[in-house]
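A closer look at the structure
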Amino acid sequence: HLMTELVPDVLSKQQVQAKVHELVRGHVKTIQGNINNHWEKRQFKKLHEDFTRLASIDSNLSSFSSMSVSKWVRTIRMNVENEIDKLAAKAVAHLTGEKAAFANIKDFA
């Protein structure tokens, strides 16, 4: 195991694991903040880039059971998907009839 080779002391290994976990979690939280900002500013290309970063982190670290990266990524993705669903419901409500669509067109301009 790589950790054993790098840090032979058991206490040190646990400390290193905790620090790595803390660093990864901090990075994921930073990306989450960026995603929230990109969503609010409708910067969809940047939003997509950050989701790609999260997918990469998840892919590379999912084999480590001590990391909850997949759970973190799912939570972030669900939050954005819920916002998309809200927008879709609002759009459907605005477009229920031709008159309603033209009356509410300013919401989409």
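Read on for a plain summary of the structure. (Residues numbered from 1 in each chain as written. Predicted model: local features only at pLDDT ≥ 70, side-chain atom pairs only at ≥ 80, totals over all residues. Heavy atoms only, no water.)

Overview of the environment of Ile-76
Considering the arrangement of structural elements, one finds Ile-76 in helix H4 (residues 69–94). The class for Ile-76 is buried, based on a relative accessible area of 4%. As a C-alpha pair, Ile-76 and Asn-36 span 40 residues in sequence and 9.3 Å in three-dimensional space. (Helix = DSSP H or I, 4+ residues; strand = E, 2+ residues; numbered from the N terminus. Buried < 20%, exposed > 50% of the residue type's maximum accessible area, 1.4 Å probe, protein only.)

Brief notes about the side chain of Asp-58
Positionally, Asp-58 belongs in helix H3 (residues 44–61). It turns out Asp-58 is buried and unbridged, and the closest side chain with the opposite charge, Arg-77, is 5.9 Å from it. When sequence neighbours within four positions are dropped, the list of residues in contact with Asp-58 reads Val-69, Ser-70 and Val-73. (Lys, Arg positive; Asp, Glu negative; His and termini not counted. Salt bridge = Lys/Arg side-chain N within 4 Å of Asp/Glu carboxyl O. Contact = heavy atoms within 4.5 Å.)

Some thoughts on the packing of H3 against H4
A pair of packed helices can be characterised by two numbers: the angle between their axes and the separation between those axes. As a packed pair, H3 and H4 sit with axes 9 Å apart at the nearest point and diverge in direction by 155 degrees. When the axes of H3 and H4 are compared, the pair comes out roughly antiparallel. The handedness of the crossing between H3 and H4 comes out as left-handed. Residue-level contacts link Phe-51, Leu-54, Ile-57, Asp-58 and Leu-61 of H3 to Val-69, Ser-70, Val-73, Ile-76, Arg-77 and Val-80 of H4. Tallied by class, residues from the contact of H3 with H4 come to eight nonpolar, one polar and two charged. (Axes fitted to C-alpha atoms, helices over the stretch in contact; angles between N-to-C directions. Parallel < 35°, antiparallel > 145°, perpendicular 65-115°, else oblique. Left-handed = near helix turned anticlockwise from the far one by under 90°. Nonpolar A, V, L, I, M, F, W, Y, C, P; charged D, E, K, R; others polar.)

Topic: the nonpolar core
Counting 15 residues, the largest nonpolar core has Val-28, Ile-35, Phe-51, Leu-54 and Val-69 as its most contacted members. Broken down by secondary-structure element, the contributors of at least two residues to this core are helix H2 (10–40), H3 and H4. Sequence-distant contacts of Ile-35, that is, excluding residues within four places in its chain, are made with Leu-47, Asp-50, Phe-51, Leu-54, Ile-76 and Val-80. (Core = buried A, V, L, I, M, F, W, Y, C linked by side-chain atoms within 4.5 Å.)

Keep in mind these numbers describe shape, not what the thing actually does.
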